[in-house]
Amino acid sequence: MSVNSVRKSLQERLESGDTILCAEGYILGLARRGYIGTGIWTPHFMLEQPEVLTSMHNEFVHCGSDVVQALQYYTHREKMHQVGREDDLETINRLALRLAREVAKKTGSLFAGNTCNSTIYQPNDEKVATEV
């Protein structure tokens, strides 16, 4: 938790007019640390090195983020298929959520997960809808 010593819910923070910061920059931070490269990037590194992601979550909280956001960028079947890791999709998503939740609980921060966009979705294409 940044400066607040009393843990308040999201609703309480919004109602009291608090500013809520959610740090971003996982991709750039991981690239600068040498854990990911350019090109097709997927978050499968966390299966082998979850402590790297936990460290980044802690750094973001230390820098003032009120929210620990699960790293779920590119965790959709199409992107994971491009690197042969589509079978790891659920495992990666659940691990990302668990790691973020653990840091949020430890620091008193808010916790957020997300749903990754898919670049193949077409609202009027039933075949693509079943793939997504």
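Below or above, wherever it landed, is the structure these notes cover. Quantities reported herein were computed from a predicted structural model and do not represent experimental measurements.

Another aspect to go through is the pattern of salt bridges. Under the definition given, this model contains six salt bridges. Across the pair Arg33 and Glu59 runs a salt bridge, and its minimum N-O distance is 2.4 Å. In this pair, Arg33 sits in the loop between α2 (26–32) and α3 (45–48) while Glu59 sits in helix α4 (residues 50–62), placing the two residues 26 residues apart along the sequence. Using a relative accessible area of 36% as the deciding quantity, one classes Arg33 as partly exposed. Its relative accessible area of 33% is what places Glu59 among the partly exposed residues. As a salt-bridge pair, Arg98 and Glu102 come within 2.9 Å of each other at their nearest N and O atoms. Taken together, the residues span about one helical turn, with Arg98 and Glu102 both in helix α6 (residues 89–107) at a distance of four residues. Classification of Arg98 by relative accessible area gives partly exposed; the value is 38%.

Moving on to the packing of aromatic side chains. Pairs of aromatic rings are described using the distance from one ring centre to the other and the angle between the two planes. Tallied over the full model, the rule gives three aromatic pairs. Taken together, a centroid distance of 4.8 Å and an interplanar angle of 75° make the contact between Tyr26 and Phe60 edge-to-face. Of this pair, Tyr26 sits in helix α2 while Phe60 sits in helix α4, and the two are 34 residues apart along the sequence. Each member of the pair, Tyr26 as well as Phe60, carries the same accessibility label: buried. Residue classification places Tyr26 among the buried residues on the basis of a relative accessible area of 1%.

A few words now on the packing of α4 against α6. Contact geometry of α4 with α6 gives a least axis separation of 10 Å together with a crossing angle of 40°. Considering their axes alone, α4 and α6 lie oblique with respect to each other. Seen from above, α4 lies across α6 with right-handed handedness. Across the interface between the two elements, Pro50, Leu53, Thr54, His57, Asn58 and Val61 of α4 pack against Leu99, Ala100, Val103, Lys106 and Thr107 of α6.

Judged by nonpolar contacts, the single largest core of 23 residues is most densely connected at Leu30, Phe45, Met46, Leu53 and Leu71. Sorting the residues of this core by element identifies α2, α3, α4 and α6 as the ones contributing at least two each. Per-element accounting of this core gives the leading share, eight residues, to α6. Phe45 has contacts with Leu30, Tyr35, Ile36, Val52, Leu53 and Leu71, leaving out every residue within four places of it along the chain.

The next subject is α6. Here α6 spans 27 Å end to end across 19 residues, near enough to the 27 Å set by a 1.5 Å rise per residue. For α6, the set of buried residues is Leu89, Ile92, Asn93, Leu95, Ala96, Leu99, Ala100, Val103, Ala104 and Thr107. For α6, the buried positions fall inside an angular range of 165° around the axis, keeping them on one side. Looking at α6, the residues exposed on the side facing more than 90 degrees away from the buried face are Glu90, Arg94, Lys105 and Lys106. Against the buried residues of α6 lie α3, α4, β1 (67–69), α5 (77–82) and β2 (110–112). Immediately downstream of α6, the backbone of Gly108 shows phi near 75°, a positive value.

Thresholds applied
Residues numbered from 1 in each chain as written. Predicted model: local features only at pLDDT ≥ 70, side-chain atom pairs only at ≥ 80, totals over all residues. Heavy atoms only, no water. Salt bridge = Lys/Arg side-chain N within 4 Å of Asp/Glu carboxyl O. Helix = DSSP H or I, 4+ residues; strand = E, 2+ residues; numbered from the N terminus. Buried < 20%, exposed > 50% of the residue type's maximum accessible area, 1.4 Å probe, protein only. Phe/Tyr/Trp six-rings, centres within 6.5 Å; stacked < 30°, edge-to-face > 60°. Axes fitted to C-alpha atoms, helices over the stretch in contact; angles between N-to-C directions. Parallel < 35°, antiparallel > 145°, perpendicular 65-115°, else oblique. Left-handed = near helix turned anticlockwise from the far one by under 90°. Contact = heavy atoms within 4.5 Å. Core = buried A, V, L, I, M, F, W, Y, C linked by side-chain atoms within 4.5 Å. Expected span 1.5 Å × (residues − 1). Arc of directions from axis to C-beta.

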